[in-house]
Amino acid sequence: MIWIGALIVVLTFVAIIKRYETRMVLFVSGLVMALISSKPNAAIDAFVAAMVNNSLVPIICTVMGFAYVMKLTKCDSHLVHLLAGSLTRFKAVLIPGAVLVTFAINIAIPSAAGCSAAVGSILIPTLIGAGVHPAIAGSAILAGTWGSTLSPGATHNPFVAKLANVDVMTVIAVHSPATLFGAVIVAVALTLVAYYRKEGAGSNPAALVTNETEIFKVNYIKAMVPLVPLVLLVLGSKQVGVIPAVTVPQVMIFGAILGFVVTFANAQDVSKQFFAGMGEAYGSVIGIIIAAAVFTKGMELIGLTGALIEAMKHSEQIARFAATFGPFLIAILSGSGDAAALAFNGAITPHAQQFGFGIIEMGSTAQVVGALGRSMSPVAGAAIVCAQLAGVNTIELTKRNAPGMIIAAIAVMMILL
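Residues numbered from 1 in each chain as written. Predicted model: local features only at pLDDT ≥ 70, side-chain atom pairs only at ≥ 80, totals over all residues. Heavy atoms only, no water.

Q: Honestly, the overall build of the chain in this entry has me stumped. Any pointers?
A: The number of helices and strands found in the chain is 21 helices and 0 strands. Against the 2.2 N^0.38 benchmark of 22 Å for 417 residues, the chain shows a C-alpha radius of gyration of 21 Å, consistent with a compact globule. Taking all 417 residues of the chain together, 55% fall into the buried category. Taking the intrachain contacts of the chain between residues at least 6 apart in sequence as the baseline, contacts between residues at least 24 apart amount to 78%. Put simply, the chain shows about 17,100 Å² of open surface, and 67% of that area lies on carbon and sulfur atoms. Separation of charge centres in the chain, based on 21 positive and 15 negative side chains, amounts to 5 Å. (Helix = DSSP H or I, 4+ residues; strand = E, 2+ residues; numbered from the N terminus. Rg over C-alpha atoms; globule rule 2.2 N^0.38 Å. Buried < 20%, exposed > 50% of the residue type's maximum accessible area, 1.4 Å probe, protein only. Contact = heavy atoms within 4.5 Å. Areas by Shrake-Rupley, 256 points an atom, 1.4 Å probe, with all protein chains shown as cover. Lys, Arg positive; Asp, Glu negative; His and termini not counted. Charge placed at Lys NZ, Arg CZ, Asp CG, Glu CD.)

Below you can see the structure in the form of structure tokens.
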């Protein structure tokens with residue numbers, strides 16, 4: 001049955017790579033393995049348990065609700081324009097700055113595709129207007145769309161926190177040094193690629209694009225609203241403790257109310273958008289977690305999880321490379337950093353201590369490298385958005401981002417594991 005389970009797992013990721021619906025693929029695969037094990041009800045029980053997960057559902061749903069309110073009130077646009085306007089004053093650091101600005105904004109706007117659309121529509125024309133090659137301009141934005149790994153509302157941080165029985169900010173505090181170091185590596189590597197290919201600022205002087213940041217009048221109060229929940233979480237974390245501890249749902253709901261107060265938006269529209277965001281989060285994000293829970297339960301029932309654990313026990317290196325390059329490669333091929341990382345973290349990470357690693361460290365590695373792989377994938381939604389805005393093929397973005405993403409993945413592995 002173990003070999004049958006292994007075949008099903010391989011077929012599962014082949015289907016994800018071929019862009020079949022992720023939730024359907026994970027659910028069906030898990031259910032098939034449970035049926036082979038003569039325990040289909042166990043898979044359904046795992047489905048139901050994940051549906052009402054008290055640790056994950058409130059966090060992810062309220063974060064998405066907050067993001068929808070920020071979009072409605074255009075507070076996210078004011079933040080993007082504020083940072084973009086500052087960036088254009090320093091053309092010498094335009095490319096690495098674009099990567100890091102996108103990375104920072106992606107913490108407040110956790111959706112990679114949403115962030116790439118919001119930031120790319122402003123920064124890509126700005127970069128091209130400064131003479132940057134369109135492919136580098138698109139690559140710079142795509143290269144920063146994994147900043148959500150530092151967001152308390154990202155799928156994996158609360159997931160790993162639940163596994164380790166700690167709060168979300170503790171998980172983020174553990175992997176922040178490695179993640180931030182990886183971001184610097186990615187920014188520097190893309191700058192060097194642009195220099196080597198002669199595609200940096202000034203390389204295309206014929207390109208003249210209106211700088212939208214000069215037209216858009218930034219409201220600084222509105223620009224600060226998306227950052228307020230993050231600031232409150234940091235100040236209330238165990239590591240800082242300046243204010244009493246606050247939960248993610250508390251600060252996200254407060255942030256949504258603050259957005260309403262600051263912008264005088266229609267209260268009914270704010271309410272509708274907040275709940276629309278929560279619904280989207282449940283269907284899209286929580287839905288994947290639910291399906292992944294069925295998949296990992298199927299792996300457990302058929303005996304594959306136990307076999308993998310036994311194999312990893314005999315070699316720390318196997319566990320280290322599996323946690324890094326498994327999610328990384330699947331994310332590149334499938335365009336999703338979530339599916340592979342969730343499957344790995346659900347099946348293997350709970351047993352991290354048996355391999356000599358911490359649960360937080362192994363779980364964080366899987367999620368960060370999964371996000372890195374997705375940020376160089378030619379089929380990722382964010383890549384498609386950036387490529388369209390830049391007017392190039394997604395493969396051009398992959399070629400330019402690959403060196404930085406690979407080096408950053410290795411660096412994250414070396415620091416965390």
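Here the narrative resumes.
Q: Would you take a moment to explain the side chain of Asn-53 for this structure?
A: Examined against the element boundaries, Asn-53 turns out to sit in the loop between helix 3 (40-51) and helix 4 (57-73). Residue contacts for Asn-53: discarding those within four places in its chain leaves Pro-58 and Lys-162.

Q: What should I look at first to understand empty space enclosed by the protein in this one?
A: In this approach, a probe sized like a water molecule rolls over the atoms, and the result shows the empty space that is left. One pass over the full model with this rule turns up 2 cavities of 30 Å³ or more. As a volume, the largest cavity reaches approximately 50 Å³. Every residue lining the largest cavity is listed: Val-63, Phe-66, Ile-107, Ala-108, Pro-110, Ser-151, Pro-226, Pro-229, Leu-230 and Met-252. Those elements that place two or more of their residues in the lining of the largest cavity are helix 4, helix 6 (94-108) and helix 13 (228-235). Per-class residue counts for the lining of the largest cavity are 9 nonpolar, 1 polar and no charged. Only helix 10 (168-196) and helix 21 (394-416) provide two or more residues apiece to the lining of the second largest cavity. It is helix 21 that provides the largest number of residues to the lining of the second largest cavity, a total of 4 residues. Residue composition of the lining of the second largest cavity, grouped by class: 4 nonpolar, 2 polar and 1 charged. (1 Å grid on protein atoms, 1.4 Å probe; cavity = no way out; pocket = protein on both sides within 12 Å on 5 of 7 lines; lining within 4 Å. Points joined across faces, edges and corners; volume = space filled by probe spheres on them. Nonpolar A, V, L, I, M, F, W, Y, C, P; charged D, E, K, R; others polar.)

Q: Explanation requested: the packing of helix 5 (residues 75-87) against helix 6 in the structure shown.
A: Each packed pair of helices is defined by two parameters, the angle between the axes and the distance between the axes. Two elements in contact, helix 5 and helix 6, have axes whose closest approach is 10 Å; the angle formed by their N-to-C orientations is 165°. Between helix 5 and helix 6, the angle is such that the two are roughly antiparallel. Our pair here, helix 5 against helix 6, has a crossing hand that is right-handed. Packed against helix 5, whose contacting residues are Leu-79, Val-80, Leu-83 and Leu-87, the element helix 6 presents Leu-94, Gly-97, Ala-98, Val-101, Ile-105 and Ala-108 at the interface. Within the contact of helix 5 with helix 6, the residues separate by chemical class into 9 nonpolar, 1 polar and no charged. (Axes fitted to C-alpha atoms, helices over the stretch in contact; angles between N-to-C directions. Parallel < 35°, antiparallel > 145°, perpendicular 65-115°, else oblique. Left-handed = near helix turned anticlockwise from the far one by under 90°.)

Q: For this particular structure, what's the right way to read the layout of surface pockets?
A: In this model, the second largest pocket occupies a volume close to 460 Å³. Taken together, 20 residues form the lining of the second largest pocket, with Phe-159, Leu-163, Ala-293, Thr-296 and Gly-346 sitting closest to its centre. Breaking the lining of the second largest pocket down by element, the ones donating at least two residues are helix 3, helix 9 (156-164), helix 15 (267-302) and helix 18 (338-347). Per-element accounting of the lining of the second largest pocket gives the leading share, 6 residues, to helix 15. Class assignment of the residues belonging to the lining of the second largest pocket gives a composition of 12 nonpolar, 5 polar and 3 charged.

Q: Help me out: how do you make sense of helix 6 in this one?
A: An α-helical turn contains 3.6 residues, so a residue and the one three or four places further along point in the same direction. Here helix 6 is 15 residues long and its end C-alpha atoms lie 21 Å apart, about the 21 Å a rise of 1.5 Å per residue gives. Counting buried positions over the 15 residues of helix 6 gives 13, a clear majority of the element. (Expected span 1.5 Å × (residues − 1).)

Q: How should I be thinking about the packing of aromatic side chains in this particular structure?
A: The geometry of an aromatic ring pair comes down to the distance between the two centres and the angle between the two planes. Within the structure shown, the criterion is met by 6 aromatic pairs. Where Phe-13 meets Phe-295, the ring centres are 6.1 Å apart and the plane angle is 85°; that geometry is what we call edge-to-face. Here Phe-13, found in helix 1 (residues 2-17), pairs with Phe-295, found in helix 15; they are 282 residues apart in sequence, far enough to count as distant. The class of Phe-13 is buried, set by a relative accessible area of 14%. An angle of 75° between the planes, with centres 5.0 Å apart, marks the rings of Phe-103 and Trp-146 as edge-to-face. Here Trp-146 lies in the loop between helix 8 (134-142) and helix 9 and Phe-103 lies in helix 6, a separation of 43 residues in the sequence. (Phe/Tyr/Trp six-rings, centres within 6.5 Å; stacked < 30°, edge-to-face > 60°.)

Q: What should I look at first to understand the confidence of the model for the chain in this one?
A: Note: predicted coordinates in regions of low pLDDT should not be interpreted at a detailed level. Mean pLDDT over the chain: 88, with 96% of residues reaching 70 or higher. Low pLDDT (under 50) marks residues 208-213, which in the prediction has 14 contacts with non-local residues, meaning those over four places away or in another chain. (pLDDT = per-residue confidence, 0-100.)

Q: Before we go on, may I ask you to explain the nonpolar core in this structure?
A: What tends to happen in soluble globular proteins is that the nonpolar side chains get buried as a cluster. In this structure, Leu-123, Trp-146, Val-186, Phe-328, Leu-372 and Met-405 are the most contacted members of the largest nonpolar core, which totals 84 residues. In terms of residues, this core owes the most to one element, helix 10, which gives 12 residues. In this structure, Ile-290, Ala-292, Ala-293 and Ile-309 belong to the second largest nonpolar core, which totals 45 residues. (Core = buried A, V, L, I, M, F, W, Y, C linked by side-chain atoms within 4.5 Å.)

Q: In this structure, what is going on with the pattern of salt bridges? I would like to understand it.
A: Opposite charge on two side chains allows them to pair when their charged atoms are near. Counted by the stated rule, this structure contains 6 salt bridges. We note a salt bridge from Arg-23 to Glu-21, for which the minimum N-O separation is 2.8 Å. The exposure class of Arg-23 is partly exposed, given its relative accessible area of 32%. According to the relative accessible area criterion, Glu-21 is partly exposed, its value standing at 35%. (Salt bridge = Lys/Arg side-chain N within 4 Å of Asp/Glu carboxyl O.)

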